[in-house]
Amino acid sequence: MIKVELPPWGDPQRASSPRLNKRSGSFVQQNRGKRSICLDFARPEGREVLEALIAVSDVVVENFSPGVLDRRGLGYERLREINPRVIVASITGFGQTGPMARKPAFDSVVQAFAGLMHVTGEPDGPPLLAGMPVADVSAGVHAFAAIGHALFARSRTGLGCHIDVAMVDALFHQHEIPVFAASIDPDYQAVRSGQHFPTQCPAGAFRGPDGWIVIFCTQEQVGRLWEAMGRPEYSFDDRFSDPRARVAHRDLLTNEIEAWLQTFSDDAAALAALDRHRVPCSPVVDPGRAHAIDYYRERGVVETVEDPRMGPVNVPGFPFRVSDTPVGVDTEAPSLGADNSHVLAEVLGLDPQQIEALVTAGVVAQ
């Protein structure tokens, strides 16, 4: 994978905090395994190099605002002329078309417009941002899936295509209930539900001896919770025997569960009791401490990588497991323009004199 960066500073993420030894942890996490070429493709010589790269590429991913590449003569129609098999994935906030296509966007803006913030927070509190960049990540994952689909289609047709992924669309697609519910019930109103799932009980975060424990039981699992609590009679209690009754008596049941949790010495003991009865549950994990949890280490969900400037750094591991094709990245994130010579020589076949001329002219930088 070749990352094309613009001089003089390259990807702005290189400067994001926190940093160590002038190295951004965020950049390291997101760019391992990529090759960096720092190329001024606003200049004719740089554009020639970029077009030569496109001619031998399977996929081009870009996240410029709609119209930027067209104005530079590098829109999809031009890329298709260069390489009819190329797949171009364009990721933007509001898509390539529509009345908001040119509106600038960041993750928080998208969370608001996609309705995520409307359903996040306490019922009587303000709308809240999610604690991670869900719009950015969701758009990237949707693009990844679309690229796989496009590659499969190309194996049959021989032709590439243009993929239009909007961050808003990718995030809005994840709504589970509000969209259809409002269309079939005019009185339905999506609301912020806070720490408890609105249509199930028990289903939410409960205060444990040390921190917070999430318990989620449907009618099929709730009997296991009563057994774990030593209260099998709750199965026949009119307040708790069916889902609607439990939702109606949520505050009372929450108090009962939290009082029971406080009888344990710590959260680990309470979770062990729940697990013995196969009650769906989890501690609320601090992601910065996840590396100390066996699950994350054994499945490679947290990896420790050695960066040449930062030293050992914990990063999220690759989330897919494929039986016959090992996946994952064990290489470092590139310095700006670190792979100029490799890409120009090995991929494009330029000789040392041609490469030196591009460097001297300032078309490529490092």
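The present account deals with the structure reproduced in this document. (Residues numbered from 1 in each chain as written. Predicted model: local features only at pLDDT ≥ 70, side-chain atom pairs only at ≥ 80, totals over all residues. Heavy atoms only, no water.)

### So, the overall build of the chain
Right, on to step 1. In terms of regular secondary structure, the chain is built from 15 helices and 13 strands.
Right, on to step 2. Each of the three principal axes of the chain carries a C-alpha extent, and together these read 85 × 50 × 40 Å.
Right, on to step 3. Each of the 366 residues in the chain was classed as buried or not, and the buried ones make up 36%.
Right, on to step 4. Long-range contacts, defined here as pairs at least 24 residues apart, represent 65% of the contacts in the chain between residues at least 6 apart.
Right, on to step 5. With an accessible surface of roughly 21,300 Å², the chain has 55% of that area assigned to carbon and sulfur atoms. (Helix = DSSP H or I, 4+ residues; strand = E, 2+ residues; numbered from the N terminus. Buried < 20%, exposed > 50% of the residue type's maximum accessible area, 1.4 Å probe, protein only. Contact = heavy atoms within 4.5 Å. Areas by Shrake-Rupley, 256 points an atom, 1.4 Å probe, with all protein chains shown as cover.)

### A look at the sheet that holds strand S5 (residues 59-62)
Right, on to step 1. Pairing within the open sheet is parallel, and its three strands lie in the order S5-S6-S7. Edge positions in the open sheet fall to S5 and strand S7 (162-166), since each of these has one partner strand only. Going across the sheet, the axis of each strand differs from the next one's by a mean of 15°, ignoring polarity.
Right, on to step 2. Bridge count for S5 against strand S6 (residues 87-92) is four bridges, and the pairing is parallel. Note on S6: the bridge partner recorded for Glu62 is Ser90. (Pairing = 2+ DSSP bridges. Axes fitted to C-alpha atoms, helices over the stretch in contact; angles between N-to-C directions.)

### Describing the nonpolar core
Right, on to step 1. Judged by nonpolar contacts, the single largest core of 22 residues is most densely connected at Ile215, Leu225, Trp226, Ile257 and Trp260.
Right, on to step 2. If you list the elements that add at least two residues to this core, you get strand S9 (212-216), helix H9 (219-229), helix H11 (250-261) and helix H12 (267-276).
Right, on to step 3. For this core, the leading source of residues is H9, giving five residues.
Right, on to step 4. When residues no more than four places from it in sequence are discounted, the contact partners of Leu225 are Pro202, Ile215, Cys217, Ile257, Trp260, Leu274 and Val279.
Right, on to step 5. Core analysis: the next-biggest nonpolar cluster, separate from the first, contains 21 residues, Ile37, Val86, Leu348 and Ile355 among them. (Core = buried A, V, L, I, M, F, W, Y, C linked by side-chain atoms within 4.5 Å.)

### Topic: the packing of aromatic side chains
Right, on to step 1. All told, the structure shown has ten aromatic pairs when counted by the stated rule.
Right, on to step 2. Arranged with centres 5.4 Å apart and planes meeting at 70°, the rings of Phe318 and Phe320 form a pair that is edge-to-face.
Right, on to step 3. In this structure Phe318 comes out as partly exposed when scored by relative accessible area, which is 32%.
Right, on to step 4. Members of the aromatic cluster, connected to one another through ring pairs, are Phe144, Phe318 and Phe320. (Phe/Tyr/Trp six-rings, centres within 6.5 Å; stacked < 30°, edge-to-face > 60°.)

### Considerations on the pairing of strand S12 (residues 311-316)
Right, on to step 1. Judged from the six bridges that link them, strand S11 (residues 302-307) and S12 form a sheet pairing that is antiparallel. Bridged to Thr304 within S12 is Asn314.
Right, on to step 2. Counting the residues between successive antiparallel strands, the hairpin from S11 to S12 contains three residues.

### With respect to the sheet that holds S9
Right, on to step 1. Sheet architecture is open: three strands sit in the order S8-S9-S10, paired in antiparallel fashion. With partners counted over all chains shown, the strands left at the sheet margins are strand S8 (203-207) and strand S10 (281-283), one partner each. Taking each pair of neighbouring strands and ignoring which way they run, the sheet shows an average axis angle of 25°.
Right, on to step 2. Pairing between S9 and S10: three bridges, direction antiparallel. Within S10, the residue paired with Ile213 across the bridge is Pro283.
Right, on to step 3. Along the sheet, H11 contacts S8 and S9; its crossing angle with S8, the most-contacted strand, is approximately 45°.

### Describing the pairing of S8
Consecutive side chains of a regular strand alternate in pointing toward one face of the sheet and then the other.
Right, on to step 1. Counting buried positions along S8 yields four of five residues, so the element is predominantly enclosed.
Right, on to step 2. In terms of strand pairing, S8 meets S9 through five bridges, oriented antiparallel. Bridging from a neighbouring strand, Arg207 pairs with Trp212 of S9.
Right, on to step 3. Between S8 and S9, which pair antiparallel one after the other, the connecting turn spans four residues.

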